[in-house]
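Analysis of the macromolecular model
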Amino acid sequence: MKNNKTTFVVDLDGVLRDIFSQMIKLYNNEFGENLKPEDVKDYDVEVSFPKAHAAYGSSYHYFFEKHADYIFLLSPPMEGAVEAMKRLQEYGKIIIATIQPTIHNKILALKWLDKWGVPYDEIRFVGSKA
């Protein structure tokens, strides 16, 4: 039975959507690398993906602007994430809080949630998760 007093706030990227594996796949394909998730020690994309930084002047631009559709729409869900959200839905309201800096990224987030059937009651595009 759903408890309407309970509210769950869930992040999107890295919690529901596995953008990290998609970033590594793209980077390896384009730059001929064999990077694995355990090889990445720093979540600063400028540090962790130096060839993208050198080739495009910014790893952030390379991943999140130039290849936004590939990263944000084609990323798989984190293992067990969709099932967990379906379970949470039984117990209360789900709010997805996510930083998506452009309108295009916001649209991709909504399309991704729909594509994978992720249940939620509300989505909040925030400037900070602090």
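Preceding this paragraph is the structure being described.
Read on for an overview of the structure. Each chain has its residues counted from 1, following the order in which its sequence is written. In view of the model being predicted, local features appear only for residues whose pLDDT reaches at least 70, and side-chain atom pairs are presented and counted only at 80 or more, with totals across whole chains, interfaces and linings using the full set of residues. Hydrogens are left out, water is left out, and the side-chain values use all remaining heavy atoms of the structure.

Digging into the nonpolar core
Inclusion rule: For our purposes a nonpolar core is just a set of buried Ala, Val, Leu, Ile, Met, Phe, Trp, Tyr and Cys residues, chained together by side-chain atoms within 4.5 Å. Here's how the labels work: a residue is buried when its accessible area is under 20% of the maximum for its type, exposed when over 50%, partly exposed in between, all with a 1.4 Å probe on protein chains only. Strands here are runs of E lasting at least two residues and helices are runs of H or I lasting at least four, both read from the DSSP assignment and numbered beginning at the N terminus. Any pair of residues with heavy atoms lying within 4.5 Å of one another is described as a contacting pair.
Of all hydrophobic cores here, the largest spans 18 residues; its most connected members are Met23, Tyr27, Phe49, Phe63, Phe64, Ile71 and Phe72. Only helix H1 (19–31), helix H4 (59–66) and helix H5 (68–74) provide two or more residues apiece to this core. At six residues, H1 tops the list of elements feeding residues into this core. Residues within four places of Tyr27 in sequence aside, it is in contact with Gly32, Glu33, Leu35, Phe49, Pro50, Lys51, Ala52, Tyr62 and Phe63.

Description of the packing of aromatic side chains
As a reminder of what qualifies: Here the aromatic set is Phe, Tyr and Trp, taking the six-membered ring for Trp, and pairing holds for ring centres within 6.5 Å; pairs whose planes are under 30 degrees apart are stacked, those over 60 apart are edge-to-face, and all others are tilted. Whether a charge sits over a ring comes down to the Lys NZ or Arg CZ being within 6 Å of the ring centre and within 35 degrees of the ring normal.
Per the counting criterion, the structure on display carries 11 aromatic pairs. Aromatic pair Trp112 and Trp116: ring centres 6.4 Å apart, planes at 45°, arrangement tilted. Judged by relative accessible area, which is 0%, Trp112 ranks as buried. Aromatic ring contacts, followed pair by pair, group Tyr27, Phe31, Phe49, Tyr56, Tyr60, Tyr62, Phe63, Phe64 and Phe72 into a single cluster. Over the aromatic face of Trp112 sits the side chain of Arg17, whose NZ or CZ is 5.7 Å from the ring centroid.

Considerations on the environment of Thr7
With respect to the element layout, Thr7 can be found in strand E1 (residues 7–11). Owing to a relative accessible area of 42%, Thr7 belongs among the partly exposed residues under this scheme. C-alpha separation for the pair Thr7 and Phe31, spaced 24 residues apart in sequence, amounts to 43 Å. Leaving out residues up to four positions away in the same chain, Thr7 has contacts with Lys93 and Ile95.

Describing the sheet that holds strand E3 (residues 122–125)
Just so we agree on the cut-off: A pair of strands is considered paired only if DSSP assigns at least 2 bridges between the two. Where helices are involved, their axes are fitted lines through C-alpha atoms of the stretch in contact, as for all axes, and angles between N-to-C directions lie from 0 to 180°.
Spatial strand order, E1-E2-E3: three strands in an open sheet with parallel pairing. Pairing within the sheet leaves two strands with one partner each, and these edge strands are E1 and E3. Each strand axis lies, on average, 25° off the axis of its neighbour in the sheet, ignoring direction. Pairing geometry for E1 and strand E2 (residues 93–98), over five bridges, is parallel. Its bridge partner being in E2, Val10 is matched across the sheet by Ile96. On the sheet, helix H6 (residues 81–89) packs against E1 and E2 and is oriented at approximately 135° with respect to E2. On the sheet, helix H7 (residues 103–115) packs against E2 and E3 and is oriented at approximately 155° with respect to E3.

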